[in-house]
Amino acid sequence: MAGSIVSGAIFGDNLAPISDTTIASASTQQFQDGRPADIGGVVTSRLRYFAVAGLITIVIFGILGGIGGTFQGGAIDAAANPVSLIMLIPVAVMLAVSTKTRNIYAGILVGLGLGTAVGLAAGLFTFDAVFANDAANNAAVGFLIDGVNNILPTCALVISVFGIMGVLNDAGMLNLIADKILNSKMAQTDTGAELVCMAGISVTTILLGSVTSASILTFGPILNKIGSAKNIHPYRRANLLDGTANSLPSIVPFLSVFVFIGAALTGLSPVVVAGGTIYGFVLFAVFLVSVLTGWGRKQEK
């Protein structure tokens, strides 16, 4: 169960147009004219990979899900309110706006505003839950404040990564790494270049504790230069970057933040949680087969 939950989280992270990894992978891959890959095109082109991996994962979970016995849990919480399902409407609208306009910020703004209005109108929460003044502690509270506070560490991480990348770029290190890969015997073919890039993405993700957004931002410029030299389409490069980072490297026991969270919530061993995250194994296999066979690879015209 823990593995299926983590698998579902990674699957959603792969496909969501408003995901940090989707945005990072698209923005780091550029067309020959310097334009970054658009999020809508990247998401549309990656459906084939993640649909195949998702279906295979569902079949495996269906076959292996009952092995080892089952556990009969308690009753559903009496406080569960089916009216809360109405909050799926703002989510659907947010995804539709993001996909239609290809503007992530417009989608989030619409989703946040509509979600707040729907929640208040349905009586799921009061305005104090949105924003209020805690006079006793002299502090502002509410989910708007919590949202800002929770995103600040991610902002600090991204700023730090870009700072590191700036130093490496100005020092010529990124160009040196890319040139070394391009001049290697392995990278003389498109298949070899993509295999080397898969290895590079995997190592970078593992070294950064499976924080996939940071690893994508770190290795993205290198993959962009290699892919541009091989005339591989930016969509393909973005998918390879996102897909590899979110596969096996993201579920390494004792290193992965995904596995740590799953283990902390369940009390299970990180090795057990990682072993149950079938989607990570299947997704890596799908991209490996895609690279070896050339499935989905196309050149930039």
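Note that the structure is a prediction, hence the values are computed from the model and not measured.

A. How the structure looks around the overall build of the chain. Summing up its helical and strand segments, the chain has 14 helices and two strands in all. Against the compact-globule benchmark of 19 Å for 301 residues, the chain has a radius of gyration of 21 Å, which places it among compact chains. For the chain, the spread of C-alpha atoms along the three principal axes comes to 65 × 50 × 35 Å. Out of the 301 residues belonging to the chain, those deemed buried represent 39%. In the structure as shown, the chain presents an accessible area of about 15700 Å², 70% of it carried by carbon and sulfur atoms. Mean positive and mean negative side-chain charge positions of the chain (14 and 14 charges, respectively) differ by 17 Å.

B. Representation of the packing of helix H1 (residues 2–15) against helix H3 (residues 39–64) in the model. As a packed pair, H1 and H3 sit with axes 10 Å apart at the nearest point and diverge in direction by 170°. When the axis of H1 is compared with that of H3, the two are roughly antiparallel. Of the residues in H3, those in contact with Gly-3, Ser-4, Ser-7, Phe-11, Asn-14 and Leu-15 of H1 are Val-43, Arg-46, Leu-47, Phe-50, Gly-54 and Phe-61. For the contact of H1 with H3, a count of residues per class yields six nonpolar, five polar and one charged.

C. Focus on the layout of surface pockets. For the largest pocket, the calculated volume is near 860 Å³. Lining the largest pocket are 20 residues, and of these Ile-18, Asp-20, Ile-108, Ile-151 and Thr-154 sit closest to its centre. Elements with a contribution of two residues or more to the lining of the largest pocket: helix H2 (20–27), helix H5 (104–121), helix H7 (143–170) and helix H10 (212–229). Element by element, the count of residues in the lining of the largest pocket is highest for H7, at nine residues. For the lining of the largest pocket, the class distribution of residues is 16 nonpolar, three polar and one charged. Roughly 360 Å³ of internal volume is contained in the second largest pocket. In this structure, the second largest pocket is lined by 14 residues; those nearest its centre are Met-1, Ala-2, Gly-3, Ser-4 and Phe-61. Elements represented by at least two residues in the lining of the second largest pocket include exactly H1, H3 and helix H13 (270–276).

Cut-offs and rules
- Residues numbered from 1 in each chain as written.
- Predicted model: local features only at pLDDT ≥ 70, side-chain atom pairs only at ≥ 80, totals over all residues.
- Heavy atoms only, no water.
- Helix = DSSP H or I, 4+ residues; strand = E, 2+ residues; numbered from the N terminus.
- Rg over C-alpha atoms; globule rule 2.2 N^0.38 Å.
- Buried < 20%, exposed > 50% of the residue type's maximum accessible area, 1.4 Å probe, protein only.
- Areas by Shrake-Rupley, 256 points an atom, 1.4 Å probe, with all protein chains shown as cover.
- Lys, Arg positive; Asp, Glu negative; His and termini not counted.
- Charge placed at Lys NZ, Arg CZ, Asp CG, Glu CD.
- Axes fitted to C-alpha atoms, helices over the stretch in contact; angles between N-to-C directions.
- Parallel < 35°, antiparallel > 145°, perpendicular 65-115°, else oblique.
- Contact = heavy atoms within 4.5 Å.
- Nonpolar A, V, L, I, M, F, W, Y, C, P; charged D, E, K, R; others polar.
- 1 Å grid on protein atoms, 1.4 Å probe; cavity = no way out; pocket = protein on both sides within 12 Å on 5 of 7 lines; lining within 4 Å.
- Points joined across faces, edges and corners; volume = space filled by probe spheres on them.

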